[in-house]
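Residues per chain, in single letters:
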Amino acid sequence: MTAPAIELKGISKSFGPVQANKDIAIRVMPGTIHGIIGENGAGKSTLMSILYGFYKADTGEIFIRGERTEIPDSQAAIRAGIGMVFQHFKLVQNFTVLENIVLGAEDGALLKGSLSKARTLLKQLSEEYELHVDPDAKIEDLGVGMQQRVEILKALYRRADILILDEPTGVLTPAEADHLFRILEGLKREGKTIILITHKLREIMETTDTVSVMRRGEMTATVKTAETTPQELAELMVGREVLLRVDKQAATPGETVLNVENLQVVDGSGVERLRGISLNVKRGEILGICGVAGNGQSELLEVLGGMRPGKGRVTVNGQELDLTGAESDARTRRRRGIAHVPEDRQEEGLIMDFFAWENVAFGYHDDARYQRGAMMNNDAIREDAEAKIAKFDVRPANCWLKAKNFSGGNQQKIVIARELERNPDLLLVGQPTRGVDIGAIEFIHEQIVALRDAGKAVLLVSVELDEILSLSDRIAVIFDGRIMGERLPSETDERELGLLMAGITDTDKDHSVDEIEENLAHATGKAG
Amino acid sequence: MDKLPKWADVALIPLINLILALIVSGLVVALIGQDPFEALAIMVNGAVGSTYGWGYTLFYATNFIFTGLAVAIAFHARLFNIGGEGQAQLGSLGVALVCLMVPWPHWLIALPVAILGGGLFGAAWAAIPAYLQATRGSHIVITTIMFNFIASALLVYLLVSALKAPGMAPESARFVEGSHLPTAREVLGAIGIDFARTPMNVSFIVALLACWGLWLLLWRTRLGYEIRAFGHSDKAAVYAGINPVRITMITMLISGALAGLMAINAVMGEQERLLQDNVLGAGFVGIAVALMGRSHPVGVFIAAVLFGALYQGGAELEFETSIPREMIVVIQALVILFTGALDGMVRSPLEKAFLRFRRQPDKPGVPAE
Amino acid sequence: MNYLDLIQILDSSIRLATPLLFACLAGLFSERAGVFDIGLEGKILISAFFSAAVAALTGSVWLGLLAGIASSMVFSMIHGLASITFRGDQLISGVAINFLAAGMTVLIAQDWFSQGGRTPQLSGGARFSPIELPFAEALSGVPFIGPLYADALSGHTILVYVGLLTVPLTWYVLFRTRFGLRLRAVGENPGAVDTAGVNVVRLRYAAVAICGVLCGLSGSFLATGLAASFTQNMSAGRGYIALAALIFAKWRPWYALGACLLFGLLQAISNRYSSIDLVLFEIPNAFVLALPYILTVVILAGFVGKAVPPRAGGQPYVKER
Amino acid sequence: EPGLIIDLGGKFDKSFNESAYNGAQRWVEDNDGADYLETELASEAQREQTMRRMADRGANPVVVLGFANGSTLEQVAPDYPETNFVIVDMVVDQPNVQSIVFAEHQGSYLVGMMAAMASETGTVSFVGGMDVPLIRKFACGYAQGAKAANPDVEVIANMTGTTPAAWNDPVKGGELTRSQISQGSDVVFAAAGGTGVGVLQAAADEGELAIGVDSNQNYLHPGNMLTSMVKRVDNAVYDAFTAAAEGELQTGIVVKDLSNDGVGVAMDEFNEDLVTEEMMAAVEEARAAIVSGELEVHDYTSDDSCPALTF
Ligand SMILES: Nc1ncnc2c1ncn2[C@@H]1O[C@H](COP(=O)(O)OP(=O)(O)OP(=O)(O)O)[C@@H](O)[C@H]1O
Ligand SMILES: Nc1ncnc2c1ncn2[C@@H]1O[C@H](COP(=O)(O)OP(=O)(O)OP(=O)(O)O)[C@@H](O)[C@H]1O
Ligand SMILES: [Mg+2]
Ligand SMILES: [Mg+2]
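Right, let's walk through the structure included here. (Residues numbered from 1 in each chain as written. Chains lettered and ligands numbered in written order. Predicted model: local features only at pLDDT ≥ 70, side-chain atom pairs only at ≥ 80, totals over all residues. Heavy atoms only, no water.)

## Considering unusual backbone geometry
Omega for the bond connecting A:R395 with A:P396 falls within 30 degrees of zero, at -10°, which places this linkage in the cis form. Structurally, A:P396 can be placed in the loop between α13 (378–391) and α14 (408–420). In this model, D:N60 is joined to D:P61 through a cis peptide bond whose omega is 0°. Looking at where D:P61 falls in the secondary structure, it is placed in the loop between α2 (47–56) and β3 (62–65). If you check the backbone angles, A:E167 has positive phi at about 45° while not being a glycine. Within the secondary structure, A:E167 sits in the loop between β7 (162–166) and α6 (174–189). For A:E167, a relative accessible area of 17% translates into the label buried. A positive phi angle is found at D:K14, which is not glycine, with a value near 65°. Its location among the elements puts D:K14 in the loop between β1 (3–6) and α1 (16–30). Exposure remark for D:K14: the relative accessible area of 12% places this residue in the buried category. (Helix = DSSP H or I, 4+ residues; strand = E, 2+ residues; numbered from the N terminus. Buried < 20%, exposed > 50% of the residue type's maximum accessible area, 1.4 Å probe, protein only.)

Printed below as a string of C-alpha cells:
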C-alpha cells in the first residue's frame, strides 16, 4: 500500500480563548482530490494554514509521503512540495504577475535572470494547464479569477505536487468554477494531490474522491464521496438534521416602497461600481439580489443605506432620497424608515469593543428616547437592550458583555434585533446568515419573512444562491454593476442564474467557459 | 472573553511598564556613576517633600493634564496627535494676544477670554492637519509634526517683529497686572495656609474641570459616543450615520484647543509674557501621559501628576547632584517606550498567564450558547 | 547675486544636503519594508555623539564613524524590537527613540567629557578632510563649468561622495536585486512574502538595520564633517526634514536626492541671507526655514501629485489575533 | 555663599559663560575652602524658577549672565529684597541689583585694527550670534577699528539668527564663515558664543585668520588665531563674589572698559608669530587714545546706528 501524501495526527490549535482545531487527524492519498467541508469558522482554513506552515500547531504531527516532517514555516512546506491558494489571496498588488511568481523563489541574488527564466517557465505552465495570464500585468489591474490563476501558477512554479485550495469558488461564477475544476482534474491526472476546501456540498459531490467534515474545530468524519449523500454531509456539518427550505406563504405585494432609477456609483479610486441600476421593491415583498461577490451588490446596499454617495433617482414611499448632498448619510436614511443589516457585522454593524447595550443604540443613538437633556440616557438604552436581548434570545443574555465576546450568530442576532425592532418601511439586508449556524439561520429567516408579512419591503443581498432561492419573492441578478435580469424563483434554476451572474443574457443557448471568461475579462478590463 | 481582566489592563500593565522604565532609568543613573537610590530619594523629596515641591509638581502637572487630554481625546478617535507642541505654541500666542490687547481690570474677566483665545488658536492649528486627514487622507502624524516646526518658525518671526518688546530678548511685553492669575500661595494665603512661592495657579482648577468635562463628553454625550465609535471602526461609523470628516475635525479641534489651553497655565499663569520657547516639550510629554493614563481622564490626571513630579524632581536633581536635567528626558523616553511601543512585551506573556490560569478550573474557555 | 555666489550656495547646499540624504535613504529602506520611522532624528543624534566622542577619544575619525554606525544600529534594533517583534506602535516607538537620544547623548557627554553636554573640538585625524576631485585644479579656469566643478562639486569630505553614490546603489538594490524585490513586497503585503516562504521578521530587521547604518553615516557626517564636535541637539530637526524629503520624494531614491538637494538649498539660502528681498515684499528667514515643512504639507495634501506610502507601512505583521 | 547661574550655551562654551565660570573658579582657589552655588539654565522658560530657586536657597549675591535675564530679574529681584543680584550685559534698575556692562565697542575697535592690518585681501568679516543691539555694538566697533587702520578695507558682517538658538549653532556659523571667505575675507571675527566655535573652525579649515571673543580663544587653533577680544566677565564675577564676601557689593551700574581692563586684546604664545610689531604699536597707541578720551569709539547702542557699517 502506498503511503498517504499527507497525514495529520492530533493537530490542535488555539487562538487565545478560541480553540480553532481540536485533536484533528486526516489522511489524504496521493493523486486524489480530497474535500474538506464545514461551516464558517469550523477551522478549515486554520488546519490548512498549519499544514502550509503559516500557523504553528500547538500540538500534533505532520507526515508527508509517510515521513514525519516539521513544518515551522511556509519555506518548509514549499520544500515539502506543498502549495496553497489562500482564501484571501496573498499577492502584492502593485507588482506584476511575474514578480509575484518569482517572489521567494528567485534563483540568484539578481533579479534579471530569475525573471527571464520565470517567463519561459510560466509560458510552458500556462499552456500545459490552460492557465493563461499576461506576465507583465499588474495584479491590481486583474480580476479575481485571474488573480486566482496567478496563485495557482505560483504554487506550480514552486513545483508543488500537493495543492491546497481554500474556498476557491467563493469569488467565481459557476462556469468559472467549472473551468477551475477541469484544471484540477488535469492536475490530478498528472499525479498531483489536491485538497479542496469549500462549504458548498455540490462542489464536493462533483469533484472530490474523498471528503472530510469539520464542525466546531473537530473532524467529525471522513468518507468516500461516492458512498455519501449531500443530506448526510449536511447533517455531519451542523450536527443535526437540517431543513433545506424556508416555510413561507406566497407574497402579496402592495404599492411600491423603494424605487431605484438609473443608479450609478463611482468608488474612491474612480472605478464605476454601479452602471445604472433600476429596480423596485413593494410592500410585503422580498427582492433578492444575487451575483458573484464584487459585482456591485455591496455598493448597492451601501448607497441605499447612506454609506456612500451615488447618482440617479431613488425614492422611498414616493419621496426622493438625497444621494450626494448633506442629507445623504445613514442617519437621515434611518429617519426615513430604512433599516440596514450590513454585510459585515464585525466591521460595520457592531463596534466590537462596545458593550452589547451600547451596540443596541448604534446608529439610533440620537433617538429622542435615548436622550436626557444634553446627555445620553444610558439607563433607557440599557433597559431597551435588555428587552431586545430577551426577545431575540441572544446568549449569553448579558448586556454588559462586549460585542466581540459574543459568538458570530449571537452578534448577528443583536444586529437583527436592533434593525428589525425599529419597524422600518424598508429593510436592507446583506448576507444575513454568513457564519451563522443552522439554528440561528432558521430564526433569522423567520424574522425576515415575518417583517415581509407585516407589509414591509425587504431588499436582500446574498452570495448564497440557496438562500436567495428560498427566501426571495423575486430575484434580480447583478453583474458588473448592472442588473442582468429579473426572475421569479419558481421559474428559474441555478444554471440560468449562474449564466446571468456571468453577464450572459441569452441563457437558452449553450456557452463555453472561454466565452464566459472572455465576458468577465472584458468587464474587469473596463472596471480597471 | 476579554483576554485580560479590566483591572490588569488599566492598572497592572501600566504599573509593570512604569517599573520597567524606572529600572532601566536607574541603570542609566548607575552607568554614569551615580547612586540611583539616592537620586530617587532626591527626586521624590524634591517633588513632594515640601509645599514648594508640590507647587512646582502641580504646576507642571497642569501643563501635562492639558496636553495629555489633548492626546487622549485624539486617541479615542484613533488619531495620533503628535502636534500638541505646536498647538500649545499657538495657544500661547492666543493667550498672549488676549492679555496684551486689553487692559484687563480683573483676572476673573481675563481668564475666560484667555481660555477662549488659547483654545481657538490651538484648535486653529489643529484644523488644517485634521482637514487634510479627513478629506485627503494625509497622515496626521506627519502633518502635525510639520506643523510643530511651522508653529515654532511663526512664533520666532512674531517675536522678533510685531510682538517684540523693546529690549534685546525676543519676547513680548509683560502682560497687564489685571491678567495676573492668583497663585496657590495667594489663594491659600487668603485662607491662612502658608504655601511656598511657586507658579502653581488657578489654572490647575481649570485643568481639573477639563478632566471632568472630557469624561462627561466621552462617556455621557452623543458626540463622545460617536467619537469612540469612530475610533473603534470608521466603517461602522459611516454605517451608523456618523460623518467621519465631521468627527475627525471636531475631535482634533477639541484636541488642539486642549493643547492650546496649556498656555493659560504656562504663559498667563507663570511667564506673564510671550517667550519663544514656552511649551518646553509638554506637547510630547502629553503623549506619554495619555499612553500611561490609558486615555482616560482619571488616568491622564494621575499620569500628569507623576510626570509633574518627575519634572520637578529632575530639576532638584540637577541642583543637588551632577546629573544633568536630561535625565528627565531619558526617563520620559523610557516611559513612552515601555508603555507605548513595548507594551506587547509585557502584555502577551501576561495574557498567556491569565489564559492558563483561567483554563485550569475545569470550565471551558468559551461561554456556551 | 552673481555666479560666484551661486557656486558658493551650491557648494553649501551639497554639504547641507548630505546628512539629509543619508537619513532620507535610511527612511526609504525602512519604510519601503513597512516599518515607519520617525526616529531618524534620534538616530542621527546618537550617531553624531558617538562619532564625535570616539573620534575625540581615539583621534581616529574612522573609529568614530564605526562607533556612530554601531550606536545608530542599537537604536534601530530597539525600534525593530518594539515594532517588529513586539508589534508595538511604530510611531510611538519613534517618538521614544528621539527622546532617548536627546537625553542619553547629553547624559553620556557630560559623564565622559564634563563639557556641558558636548564633546571636545575635533582636529586632525579625528575629522574627515576634504577631497579634491581629479582635474579640479586644471578645470577651475574653464568658464562656467570650471567653478561649478572645482568649487561646488570638488573639495567635500569623502562622506559627501559616499552619500551621492548611495543613491544609485539604493536604486539598484531595491529594483534590481532579489533582496530589493522582497523588501518592497514586505512593505506592501507581508502576508504574500510570508506565504512565499520568506521570513518577514528577518527581512524587516534587515531593512531596519540598513536604516541604522545610513542614519549612522548621517550623524557621523554631521559631527565630524559638517561640524567638528558634538553639541547638544545638533541634529536640529534634520531627521524630520529627511522624513519630509522622503514623502516629497514619494519613497523613490532619485527623487530623494532631488528633495534633499532642494531642502539643502533652502538651508543654504537661509544661512546666507537673513531675509530675501523680493522687490515688493520681504520673505522672512523664518519662512525660508519652515519651507520644507510647508512644502511637505502641500505634497501631503495632494496638490502636487499624491504621495502613496507603502501599503503595509506602519502596521505590525500580525498573523494571529 | 554666592551663586552663579550659567546661561544657555553652557559653562564650557569656550566663550562668554566659560569666562564667568573661570572667574568663579579663580575666586574659589583664592579663598580656599570657599564654595558657591552654581546651576546651568536648561531653557528660556526656566529662568524664573532657576533664579528663584537660587535666591530661596540663600545664595547671595546671585550672579546672572546675559541680557536675556533682564525682564525676569526685573520681576524676581523685588521679591527678595535681602538678596543682592548681579547681572552682566544688561541694566536692571532695582535697588538690590548691580548691573555690569562692558565697553565691547572699544575692544572690538582694537581687534578691528589688527584685522585690517593683517588682511591681505583688504576684506575682513564679522560673524555675530543673535542679532541684537549688543552684538551690533561689537560689529560696529570692529568696523570702525578696521576702517581706522585701512580706510579702504571692506567689512562684511553676518548674524547667525534672531533667537537664542543663534548662540549655539556652530554648523551655521561655519557655513557663514565659508561664505564670507569665498567673498574674499581673510580675517573673521566671531562674536557668537557657542556658534563661534564653528566660525573659528571653518576659518582654520580654510587657512584664514580668526579672532575669538570673550574668553581668550587663541589656543583653539594656534597659527590661525590672530587674537581674541577678551571681555573680562571672569573679573566681573570674581569682583562681585569678593565684594559680596566682604559685604561691600555696590548696586547700580558698573562699567568695565579699556581703562579698567574690562575689555582688551589677548596676546600669548599662540599668536605672537602672527602679530607684528607694527600692529602692537598701533593697538597700543589707539588704546591710549581711547583711555585718555582723545579718541571716541561710537557705541551702537547709544543711538542704534553705526557710522562704519550698515546692517
Ligand atoms: N488569526 C486568527 N486569530 C485569531 N482567531 C482566529 C484566527 N484565524 C481564525 N480564527 C478563529 O478560529 C476559528 C476557525 O477559523 P477558520 O478561519 O479556520 O475557519 P474556516 O472553517 O476556514 O471558516 P470560513 O468558512 O469562514 O473560512 C474561528 O473562530 C476564527 O474566529
Ligand atoms: N477573533 C476572535 N477573538 C476573540 N474571541 C473570539 C474570536 N472569534 C471567536 N471568539 C470567541 O469564540 C467563541 C465562539 O465563537 P464562534 O464565532 O466560533 O462561535 P460559533 O460556535 O461559530 O457560534 P455561532 O454559530 O453563533 O457563530 C465566542 O464566544 C467568541 O467570544
Ligand atoms: Mg476559511
Ligand atoms: Mg460562528
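Continuing now.
## Here's the deal with the coordination of the magnesium ion (ligand 3)
The magnesium ion (ligand 3) binds to the protein through A:S45 (OG) and A:Q87 (OE1), with metal-donor distances spanning 1.8 to 2.3 Å. Of the two residues, A:S45 is situated in helix α1 (residues 44–51) and A:Q87 in the loop between β6 (82–85) and α3 (97–102); the sequence distance between them amounts to 42 residues. (Donors = N, O, S within 2.8 Å, 3.2 Å for Na, K, Ca; no water.)

## What to know about the interface of chain B and chain A
By a frequent convention, interface size equals the accessible area lost on bringing the separate parts together. At the interface, 27 residues of chain B touch 37 residues of chain A. Taking both partners together, chain B and chain A bury about 3,000 Å²; carbon and sulfur atoms supply 56% of that area. The tally of links between chain B and chain A comes to two salt bridges. One salt bridge connects A:R331 with B:E226, and the closest N-O pair in it is separated by 2.8 Å. Summed over the shared surface of chain B and chain A, the result is 14 residue pairs in polar contact (both at pLDDT 80 or more). Elements supplying a minimum of two residues to the side of chain B that touches chain A: α8 (203–220), α9 (222–232), α10 (234–239) and α15 (343–359) of chain B. When residues in the side of chain B that touches chain A are grouped by element, the largest group, six residues, is from α9(B). (Contact = heavy atoms within 4.5 Å. Buried area = accessible area lost by both parts, 1.4 Å probe. Salt bridge = Lys/Arg side-chain N within 4 Å of Asp/Glu carboxyl O. Polar contact = N/O pair within 3.5 Å; in protein donor to acceptor, adjacent residues only side chain to side chain.)

## Side note on the pairing of strand β8 (residues 193–198) of chain A
Residues and elements named next belong to chain A. Counting buried residues in β8 gives six out of six residues, a clear majority hidden from the surface. Across the two faces of β8 the burial is the same, with T193, I195 and I197 and I194, L196 and T198 all buried. Relative to β8, strand β3 (residues 33–38) is paired through five bridges, and the arrangement is parallel. Pairing of G35 across the sheet is with L196, part of β8. Relative to β8, β7 is paired through five bridges, and the arrangement is parallel. Bridging from a neighbouring strand, I162 pairs with T193 of β8. (Pairing = 2+ DSSP bridges.)

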